[in-house]
Amino acid sequence: MTLLTIQNVSKSFGPVHVLEDVSMSVDRGEVVGLVGDNGAGKSTLMKIVTGMYTANKGKLTLDSEDILTHSPGERRRMGIEMIYQDLALAKQQDVAANIFLGREPQRRILGLNFVDRATMRIEARAMIDRLGARLPAINRPVGSFSGGQQQSVAIARALTFDPKLVIMDEPTAALAVREVQGVLDLIRQLKSEGIGVILISHRLNDVLSVTDRIVVLNHGRAAANLTTADTDMTQVVSAIVGGTDMDHAAEHEARG
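Values in this document were obtained by computation on a predicted structure and should not be read as measured data. (Residues numbered from 1 in each chain as written. Predicted model: local features only at pLDDT ≥ 70, side-chain atom pairs only at ≥ 80, totals over all residues. Heavy atoms only, no water.)

1. Things to note about the pairing of strand 10 (residues 196-200)
Then, number 1: Taken across its 5 residues, strand 10 has 5 buried, putting it largely inside the fold.
Then, number 2: Where strand 3 (residues 31-35) meets strand 10, 4 bridges bridge the pair, whose relative direction is parallel. If you follow Gly33 over to strand 10, its bridge partner there is Leu199.
Then, number 3: Bridge count for strand 9 (residues 165-169) against strand 10 is 5 bridges, and the pairing is parallel. Counted as the bridge partner of Met168 is Leu199 from strand 10.
Then, number 4: Crossover strand 9 to strand 10 through helix 6 (residues 177-192) is right-handed. (Buried < 20%, exposed > 50% of the residue type's maximum accessible area, 1.4 Å probe, protein only. Helix = DSSP H or I, 4+ residues; strand = E, 2+ residues; numbered from the N terminus. Pairing = 2+ DSSP bridges. Right-handed = clockwise from strand over helix to strand, strands pointing away.)

Okay, structure coming up:
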């Protein structure tokens, strides 16, 4: 069941220690919240998972395979996708163009290769329908969509890589309240398909509503690893601001 294992990972930039012996895991079909104040090390940890940064020490496995020395491209081919807060969408392009950006299907006509736009539209629509997302039109520029609709396009694009793990960076941060639930439903859809999800968010209500577990980072250390069903907002905030270590968190859970 364990999909991703991060074990005793540390990272420094010169004399600055950003992560110290951080350990966490994600199971298949599990949603894990990753929370902490700004500068806690969340983004650095996820960039180590995707291969953008190299850990100074520690172990990183996906499906029990050591991937610490794998390139970002190799990790993506193995099934790790990250959706950044800015979404990296081509706002002037339509849904299909964004979903297949850089890997458009081709067809040959009179010996020449042309982009197969009909296939792109059909497969884009199928991916959106798979998510249960609601978009006004496939052929409209995504820049004309709401924030929640753009999140749907970014998630659909990630799914075309057949991911095992999707990392989402603040997916509800800039959304209107009425759109938040739609994005949380998309996360639940990923979970139902057996895809592991790491949700980075400052919106603790969202984290508590959609995750199975919550990992709290405080000053580069894992301050708590909480089962969402057995915790509450007070305990999560206490770990964020107080730096409760893992043993104290476990004792608190046992007493609670």
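After that view, the rundown keeps rolling.
2. Observations concerning the sheet that holds strand 9
Remark on secondary structure: sheet strands pair via backbone hydrogen bonds, oriented parallel or antiparallel.
Then, number 1: Here we have 6 strands laid out as an open sheet, ordered 6-9-10-3-11-12, and mixed in their pairing. Strands with a single pairing partner mark the edges of an open sheet, and in this sheet they are strand 6 (80-83) and strand 12 (221-227). Put simply, the sheet's adjacent strands are angled 20° from each other on average, direction ignored.
Then, number 2: As paired strands, strand 11 (residues 213-218) and strand 12 are joined by 6 bridges and run antiparallel to one another. For Val216, the partnering residue across the bridge sits in strand 12 and is Ala224.
Then, number 3: Helix 6 rests against strand 3, strand 9 and strand 10 of the sheet, and its axis sits at about 150° to strand 10.
Then, number 4: Packing of helix 8 (residues 233-242) onto the sheet brings it into contact with strand 3, strand 11 and strand 12, and relative to strand 11 it is tilted by some 20°. (Axes fitted to C-alpha atoms, helices over the stretch in contact; angles between N-to-C directions. Contact = heavy atoms within 4.5 Å.)

3. Regarding the pattern of salt bridges
Then, number 1: Applying the stated criterion across every chain yields a total of 10 salt bridges.
Then, number 2: Taking the shortest distance from any N to any O, the salt bridge between Asp63 and Arg28 comes out at 2.6 Å. Here Asp63 is found in the loop between strand 4 (57-62) and strand 5 (65-66), whereas its partner Arg28 is found in the loop between strand 2 (16-27) and strand 3, with 35 residues between them in sequence.
Then, number 3: Connected through shared salt-bridge partners, Arg28, Asp63 and Lys164 make up one network. (Salt bridge = Lys/Arg side-chain N within 4 Å of Asp/Glu carboxyl O.)

4. Notes on the packing of aromatic side chains
Then, number 1: If you walk through the whole model with that rule in mind, you get 1 aromatic pair.
Then, number 2: Arranged with centres 5.3 Å apart and planes meeting at 75°, the rings of Phe13 and Tyr53 form a pair that is edge-to-face. Pair noted here: Phe13 is in strand 1 (residues 2-13) and Tyr53 is in the loop between helix 1 (42-50) and strand 4, with a separation of 40 residues, a long-range link.
Then, number 3: Taking the relative accessible area as the measure of exposure, Tyr53 reaches 27% and is therefore partly exposed.
Then, number 4: Here Lys11 stacks its cationic end above the ring of Phe13, 5.0 Å away from the centre of that ring.
Then, number 5: Just above the ring of Phe161 sits the side chain of Arg76; from NZ or CZ to the centre is 4.0 Å. (Phe/Tyr/Trp six-rings, centres within 6.5 Å; stacked < 30°, edge-to-face > 60°. Lys NZ or Arg CZ within 6 Å of the ring centre and 35° of its normal.)

5. What about the nonpolar core?
For soluble globular proteins, nonpolar side chains are generally found buried alongside one another.
Then, number 1: With 48 residues, the main nonpolar core has Val95 and Val216 as its most contacted residues.
Then, number 2: Grouped together as the second largest cluster of nonpolar side chains are 31 residues, Leu4, Met24, Leu68 and Ile80 included. (Core = buried A, V, L, I, M, F, W, Y, C linked by side-chain atoms within 4.5 Å.)

6. Some remarks on the confidence of the model for the protein
Then, number 1: For the protein, the average pLDDT comes to 90, and 95% of its residues sit at 70 or higher.
Then, number 2: Counting interchain partners and residues more than four positions distant, the pLDDT-below-50 stretch residues 243-256 has 22 contacts. (pLDDT = per-residue confidence, 0-100.)

7. Describing the environment of Met120
Then, number 1: Along the chain, Met120 turns up in helix 4 (residues 117-131).
Then, number 2: The residues contacting Met120, other than those within four sequence positions of it, are Ala96, Ala97, Phe100, Glu104, Pro105 and Val115.

8. Quick look at the packing of helix 4 against helix 5 (residues 147-159)
Then, number 1: Relative orientation of the contacting elements helix 4 and helix 5 amounts to 110°, with a least axis distance of 10 Å. In terms of axis orientation, helix 4 runs roughly perpendicular to helix 5. Within the contact between the two elements, helix 4 uses Met127, Ile128, Arg130 and Leu131 and helix 5 uses Ser152, Ile155, Ala156 and Leu159.
Then, number 2: Among the residues forming the contact of helix 4 with helix 5, the class breakdown is 6 nonpolar, 1 polar and 1 charged. (Parallel < 35°, antiparallel > 145°, perpendicular 65-115°, else oblique. Nonpolar A, V, L, I, M, F, W, Y, C, P; charged D, E, K, R; others polar.)

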